[in-house]
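Reading the structure
Here is what each chain is made of, one letter per residue.
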Amino acid sequence: MERRSVIHVDMDAFFASVEVKKAPALKGRAIVIGGDGDPKGRGAVSAVSREARAKGVSPGMTLKKALKLCPSAAFLPVDFASYEAESERFMEILRSFTPQVETFGLDEAFLEIKTAGDPFPHAIEMAKDIRGRLKRELKLTASAGVGPNKLVSWMAGEAGKPDGLVTVMEGEVEAFLKDLPVERLWGVGAKAG
């Protein structure tokens, strides 16, 4: 009988990481990406680095509010051409491992692994190899989760952020989910329900 496991791969702070790749002097700085990059103008935050997120800046807020929360941040315009180019390279790497890739935006995807035996050892090695290639070839990091389905693999990947790999085997799902707050479930939050 065929069994499956699912790998979820999510590029870490993708837009900000691409900006650091283009301008290495930005490494370690708070980065806020949105609109034309003018924090005093109109526009909303599209993406942030971990350093900006730590100051309370989040996607969707106004650039003006982001400036108040993090005045020392580097404010940059959205550069979709660069993000799309890196995303294409990311997806090419994933498809070199399996054609069973379901993209989820520019920076994340699910890979389905089916085998006659236990699929987890193969999926874990594949996730390690993918993350290694992303670092070597794209100079970008990614978090990954391996689980028996999309939900669990996504939650495992979230638990491994940033730049980590978390595996939840079939028999470990209940223990993994047991103590997590309900808000950690994909699609559940303060506005759900």
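Residues numbered from 1 in each chain as written. Predicted model: local features only at pLDDT ≥ 70, side-chain atom pairs only at ≥ 80, totals over all residues. Heavy atoms only, no water.

All right, on to the layout of surface pockets then. Empty space among the atoms can be located by rolling a probe the size of a water molecule over them. Of the voids in this model, the largest pocket is the one considered here, and its volume is about 440 Å³. Considering the residues around the largest pocket, the lining is formed by 18 residues, among which A13, F14, V48, R53 and K161 are closest to the centre. When contributions to the lining of the largest pocket are tallied by element, the ones reaching two or more residues are β1 (3-11), α1 (14-22), β3 (47-48) and α2 (50-53). Among the elements that make up the lining of the largest pocket, the one with the highest residue count is α1 (three residues). For the lining of the largest pocket, the class distribution of residues is 10 nonpolar, two polar and six charged. Space inside the second largest pocket adds up to approximately 380 Å³. Considering the residues around the second largest pocket, the lining is formed by 17 residues, among which S17, V20, K27, G28 and R50 are closest to the centre. Those elements that place two or more of their residues in the lining of the second largest pocket are α1 and α2. If you tally residues by element for the lining of the second largest pocket, the top one is α1, at four residues. For the lining of the second largest pocket, a count of residues per class yields six nonpolar, four polar and seven charged. (1 Å grid on protein atoms, 1.4 Å probe; cavity = no way out; pocket = protein on both sides within 12 Å on 5 of 7 lines; lining within 4 Å. Points joined across faces, edges and corners; volume = space filled by probe spheres on them. Helix = DSSP H or I, 4+ residues; strand = E, 2+ residues; numbered from the N terminus. Nonpolar A, V, L, I, M, F, W, Y, C, P; charged D, E, K, R; others polar.)

Before going further, it helps to examine the sheet that holds strand β8 (residues 165-167). Strand order across the open sheet formed by five strands is β5-β6-β1-β7-β8, with mixed pairing between neighbours. At either margin of the open sheet sits one strand with a lone partner, and together these are β5 (101-103) and β8. If you compare each strand with its neighbour and ignore which way they point, the axes differ by 15 degrees on average. Where β1 meets strand β7 (residues 142-147), six bridges bridge the pair, whose relative direction is antiparallel. The residue of β7 that forms the bridge with H8 is G145. (Pairing = 2+ DSSP bridges. Axes fitted to C-alpha atoms, helices over the stretch in contact; angles between N-to-C directions.)

Attention now moves to helix α5 (residues 120-138). The end-to-end C-alpha separation of α5 is 26 Å, in line with the 27 Å expected for 19 residues at 1.5 Å each. Within the span of α5, buried status applies to F120, A123, I124, M126, A127, I130, R131, G132, L134 and L138. (Expected span 1.5 Å × (residues − 1). Buried < 20%, exposed > 50% of the residue type's maximum accessible area, 1.4 Å probe, protein only.)

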